[in-house]
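Summary of the model geometry
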Amino acid sequence: MALRRFDLEAGGTDFSFAPETEDKIAFWLGKYPSEKKRSAVIPLLWLAQKDNAGWLSEPAMRAVADRLEMPYIRVYEVATFYTMFRLRPVGRHHIQLCGTTPCMLRGAHDLKEVCRDRIGEPFAITDDARLSWEEVECLGACVNAPMVQINDYYYEDLTPERFASVLDQLRNGVDVAPGTFVDRQRSAPLGGATSLLDAGLFDGSRLAQAHLPNLPEPVTDTAQPAAPARTTLIDVQPGPPPERVETASERVDDLRKIKGIGPKAVTQLQALGIYQFAQIAAWSPADVSRIEAALSGAGRVGREDWIAQARLLVQANKEA
Ligand code: FES
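Every value quoted in this text rests on a predicted model; they were computed, and no experiment measured them. Counting from 1, residues in each chain are numbered in the order their sequence is written. Per-residue local features of the predicted model are confined to residues with pLDDT of at least 70, and side-chain atom pairs are confined, for both listing and counting, to 80 or more; whole-chain, interface and lining totals are unaffected and use all residues. With hydrogens and water excluded, all non-hydrogen atoms of the structure serve as input to the side-chain values.

1. Details of the nonpolar core
Ranked by size, the top nonpolar core spans 26 residues in total, and within it Ile95, Leu97, Val148, Ile150, Tyr155, Phe163 and Leu167 carry the most contacts. Sorting the residues of this core by element identifies strand S1 (93–98), helix H6 (108–118), strand S2 (131–136), strand S3 (148–150) and helix H7 (160–171) as the ones contributing at least two each. A run of DSSP states H or I qualifies as a helix once it reaches four residues; a run of E qualifies as a strand once it reaches two. Both are numbered from the N-terminal end. With 5 residues, H7 is the single largest residue contributor to this core. Excluding residues within four positions of it along the chain, Leu97 makes contact with Ala108, Leu111, Lys112, Cys115, Trp133, Glu134, Glu135, Val136, Met147, Val148 and Phe163. Buried Ala, Val, Leu, Ile, Met, Phe, Trp, Tyr and Cys residues that are joined via side-chain atoms within 4.5 Å together make up what is termed a nonpolar core. Exposed residues in this analysis have more than 50% of their type's maximum accessible area, buried residues have under 20%, and partly exposed residues fall in between, with area computed by a 1.4 Å probe over protein chains only. Counting residues in each nonpolar core, the second largest holds 23 residues, with Leu45, Leu56, Ala63 and Val64 among its members. Whether two residues are in contact is decided by their heavy atoms, any of which lying within 4.5 Å being enough.

If you want it as structure tokens, here you go:
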């Protein structure tokens with residue numbers, strides 16, 4: 001970590017919180033017992049930085065220490081440790097440019113050149129006091145690299161041209177909407193989602209299944225005698241394992257196509273009357289519990305995602 005010293009000259013001798021900041025200070029102090037109020041040092045330093053044109057002067061740090069009844073040196077230690085606190089004056093729009101590996105590989109170096117060209121060296125302030133910049137470590141938006149933070153907001157998926165345009169607009173007093181500069185939703189892939197496209201994975205519909213897997217097919221030919229009722233999972237009560245069905249369905253799928261189901265599990269499932277992907281695809285949470293109890297494999301069905309696999313195989317059978 002770089003040695004960080006604060007600017008003793010630029011901050012003058014006085015600092016006071018803005019009147020409207022008092023409510024925020026009260027909020028943070030209210031989160032801690034009075035004898036532990038120094039726990040609020042970081043949020044109070046942050047508020048002081050806001051009230052001091054984006055940086056922490058030494059009088060501002062003292063004001064925080066006085067509020068929290070802390071030795072000044074303890075507050076200095078916190079302020080000089082965390083790079084979120086700036087220890088020298090900055091421009092109205094202060095740019096934190098991420099130079100860590102993902103952003104560097106995606107062009108952060110070129111963005112730095114834009115800063116040097118438009119603003120100057122790190123922590124230089126433009127003549128109109130509008131812009132300043134510094135290089136920082138990863139800001140946690142690597143998917144949208146390269147990126148910068150300007151005051152409180154992220155500007156992502158930048159190119160040198162886009163970034164130069166942002167700086168020029170800010171310098172001309174034009175606000176620029178933060179966020180990504182390409183066709184993506186937040187951190188989603190360019191052009192839209194490419195995975196998790198099956199809404200059944202996250203819309204709760206799996207939990208809403210009321211259909212039991214082993215019900216007999218409806219009898220359509222009235223001339224045929226009614227088929228004997230099969231023993232189904234609906235008959236199986238919690239505790240003892242499900243009972244064996246009397247007959248297999250006409251179609252027997254190769255259940256080993258479901259990852260996680262081996263020959264032994266196939267035998268066990270068939271003993272429970274499970275022969276088809278469609279049966280597994282239609283399992284309710286209660287069915288899953290019973291099957292897992294019978295297989296002595298708690299959590300196995302969900303962990304190995306048998307139901308989703310079975311649904312895909314049902315679909316593949318239909319399309320075949
Ligand atoms: S490396 Fe730049 S945001 Fe993470």
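2. A few points about a nonpolar patch on the surface
In this scheme, patches are assembled from residues that exceed 30% relative accessible area and form no salt bridge. Like charges are connected within 9 Å, while nonpolar side chains (Val, Leu, Ile, Met, Phe, Trp, Tyr) are connected within 5 Å. The protein chains shown are the only cover counted for residues, whose accessible areas, like all others here, come from Shrake-Rupley with a 1.4 Å probe. Just to be clear on terms, a salt bridge is a Lys or Arg side-chain nitrogen sitting within 4 Å of an Asp or Glu carboxyl oxygen. Judged by side-chain polarity, Phe81, Tyr82 and Met84 come together as a nonpolar surface patch covering roughly 270 Å² of accessible area. Secondary-structure assignment places Met84 in the loop between helix H4 (72–81) and S1.

3. A word on the sheet that holds strand S5 (residues 179–180)
Each strand in a sheet pairs with another by means of backbone hydrogen bonds, the pair being arranged parallel or else antiparallel. In short, DSSP must find at least two bridges between two strands for them to pair. Spatial strand order, S2-S1-S3-S4-S5: 5 strands in an open sheet with mixed pairing. A single partner strand is all that each edge strand has here, and the edge strands are S2 and S5. Axes, fitted as lines to C-alpha atoms, cover a helix only where it is in contact. Angles between the N-to-C directions of the axes lie from 0 to 180 degrees. Relative to the sheet, H7 contacts S1, S2, S3 and strand S4 (153–156), its axis offset from that of S1 by approximately 165°.

4. Looking at the packing of aromatic side chains
Centres within 6.5 Å are what make two rings of Phe, Tyr or Trp a pair, Trp counting through its six-membered ring; a difference in plane orientation under 30 degrees is then read as stacked, over 60 as edge-to-face, and the rest as tilted. All told, the structure shown has 7 aromatic pairs when counted by the stated rule. Taken together, a centroid distance of 5.0 Å and an interplanar angle of 80° make the contact between Phe27 and Trp28 edge-to-face. Here Trp283 and Trp306 contribute two aromatic rings whose centre-to-centre distance is 6.3 Å and whose plane-to-plane angle is 40°, an arrangement assigned as tilted. One end of the pair, Trp283, is in the loop between helix H9 (277–281) and helix H10 (285–295); the other, Trp306, is in helix H12 (residues 306–319), and 23 residues separate them in sequence. Overall, the relative accessible area of 1% leaves Trp283 in the buried class. The criterion is that NZ of a Lys, or CZ of an Arg, lies within 6 Å of the ring centre and within 35 degrees of the ring normal, and then a charge sits over that ring. The ring of Phe123 has Arg88 lying over it, and the distance from NZ or CZ to the ring centre is 4.6 Å.

5. Some details on the pairing of S4
In the sheet, S3 pairs with S4 via 3 bridges, with the strands oriented antiparallel. Within the sheet, the bridge partner assigned to Ile150 lies in S4 and is Tyr153. Where S4 meets S5, 2 bridges bridge the pair, whose relative direction is parallel. In the sheet register, Glu156 faces S5, and the bridge partner there is Thr180. The β-α-β motif built from S4, the intervening H7 and the parallel element S5 has left-handed crossover chirality. The crossover handedness rule: strands pointing away from the viewer, path from first strand over the helix to second strand clockwise, crossover right-handed.

6. Looking at the pattern of salt bridges
A complete count under the given rule lists 15 salt bridges for this structure. Where Lys50 meets Asp152, a salt bridge forms, and the shortest distance between an N and an O atom there is 2.5 Å. A residue pair is termed long-range when its members are at least 10 positions apart, and Lys50 in helix H2 (residues 41–51) and Asp152 in the loop between S3 and S4 qualify at 102 residues. Owing to a relative accessible area of 38%, Asp152 belongs among the partly exposed residues under this scheme. Arg300 serves as the salt-bridge partner of Glu304, at 3.5 Å between the closest nitrogen and oxygen. We classify Glu304 as partly exposed; its relative accessible area is 28%. On the basis of relative accessible area, Arg300 is assigned to the buried category, the value being 18%.

7. With respect to H4
Of all the positions in H4, only Val75, Tyr76, Val78 and Ala79 are classed as buried. End-on view of H4: buried residues confined to an arc of 165°, all on one side of the axis. Buried residues belonging to H4 abut H2 and helix H3 (58–68). The arc refers to the directions leading from the helix axis to the C-beta atoms.

8. Describing H12
The end-to-end C-alpha separation of H12 is 20 Å, in line with the 20 Å expected for 14 residues at 1.5 Å each. For H12, the full list of buried residues reads Trp306, Ile307, Ala308, Gln309, Ala310, Leu313 and Val314. One less than the residue count of a helix, multiplied by 1.5 Å, gives the span that helix is expected to have.

9. What to know about the side chain of Glu134
Along the chain, Glu134 falls in strand S2. Only four residue types enter the tally: Lys and Arg on the positive side, Asp and Glu on the negative side, with His and both chain ends excluded. Among buried Asp, Glu, Lys and Arg side chains, Glu134 stands out as unpaired, with Arg86 the closest opposite charge at 4.4 Å. A 3.5 Å cut-off defines polar contacts: any pair of N or O atoms within that distance qualifies, except that in protein one atom must be a possible hydrogen donor and the other a possible acceptor, and neighbouring residues in sequence count only when both atoms are side-chain atoms. At 2.8 Å, the side chain of Glu134 and the side chain of His94 are in polar contact. Here Glu134 is in contact with Arg86, His94, Ile95, Gln96, Leu97, Pro122 and Phe123, once residues within four sequence places are set aside.

10. Here we look at unusual backbone geometry
A cis amide bond links Ala145 with the next residue in sequence, Pro146, at an omega value of -5°. With respect to the secondary-structure elements, Pro146 resides in the loop between S2 and S3. Not every positive phi belongs to a glycine, and Ala53 is a case in point at roughly 60°.

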